Amino acid sequence: MVTSKQKYLKKVGEQIIKARKKLGISQEELADLSKIHRTYMGRIERGESNPPIYTIYKIAKALKMKSSYILTF
């Protein structure tokens, strides 16, 4: 059974993937730019991890966008 939390985390990951692909960078490049481990980035994008808001901020900054974009769906 998929919970609301899992659905939310999946949507956050989908927003990150969409923005990353729009910039034409790899998951590993985004992880490097965000200064987080590449496997952690993969878990975030798959909706398997619940990143703290500061991590969302770092990802958004690396994607050159506001954090609110990642949280809008």
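Notes on the structure follow. Throughout, a residue's number is its position along its own chain's written sequence, starting from 1. Only residues with pLDDT of at least 70 are given local features in this predicted model, and only at 80 or more are side-chain atom pairs given and counted; all residues enter the totals for whole chains, interfaces and linings. Excluding hydrogens and water, the side-chain values take into account all heavy atoms of the structure.

Details of the environment of I16
Helix and strand labels come from DSSP, where a helix needs a run of H or I of at least four residues and a strand needs a run of E of at least two; each type is numbered from the N terminus. With respect to the secondary-structure elements, I16 resides in helix 1 (residues 4–23). The class of I16 is buried, set by a relative accessible area of 0%. For the pair I16 and K64, spaced 48 residues apart in sequence, the C-alpha separation works out to 12 Å. Here, residues are in contact when the closest pair of their heavy atoms is within 4.5 Å. Apart from the residues within four sequence positions on either side, I16 is in contact with L30, I44, E45, I59, L63 and I70. Residue exposure (1.4 Å probe, protein chains only): buried if accessible area is under 20% of the type maximum, exposed if over 50%, otherwise partly exposed.

What about the environment of K5?
Examined against the element boundaries, K5 turns out to sit in helix 1. Taking the relative accessible area as the measure of exposure, K5 reaches 52% and is therefore exposed. With 49 residues separating them in the primary sequence, K5 and Y54 have C-alpha atoms 19 Å apart.

A word on the packing of aromatic side chains
Two aromatic rings, drawn from Phe, Tyr or Trp (for Trp, its six-membered ring), form a pair once their centres lie within 6.5 Å of each other, and the interplanar angle then sorts them: stacked below 30 degrees, edge-to-face above 60, tilted otherwise. What the rule picks out here adds up to one aromatic pair. When the centroid spacing of 5.8 Å and the interplanar angle of 25° are considered together, the rings of Y54 and Y57 count as stacked. With Y54 and Y57 both in helix 4 (residues 53–62), this residue pair falls three residues apart, about one helical turn. Judged by relative accessible area, which is 53%, Y54 ranks as exposed.

A word on the packing of helix 2 (residues 27–34) against helix 4
Under this scheme, a helix contributes an axis fitted over its contacting stretch, all axes are lines through C-alpha atoms, and angles between N-to-C directions fall in the 0 to 180 degree range. Packing of helix 2 against helix 4 leaves a shortest axis separation of 8 Å and a crossing angle of 115°. Taken together, the axes of helix 2 and helix 4 lie roughly perpendicular to each other. In the crossing of helix 2 with helix 4, the sense of the turn from one axis to the other is right-handed. Contacts from L30, L33 and S34 of helix 2 reach helix 4 at K58, I59 and A62. Between 65 and 115 degrees an angle is taken as roughly perpendicular, under 35 as roughly parallel, over 145 as roughly antiparallel, and anywhere else as oblique. What makes a crossing left-handed is the near helix being turned counterclockwise from the far one by less than a right angle; a clockwise turn instead makes it right-handed.

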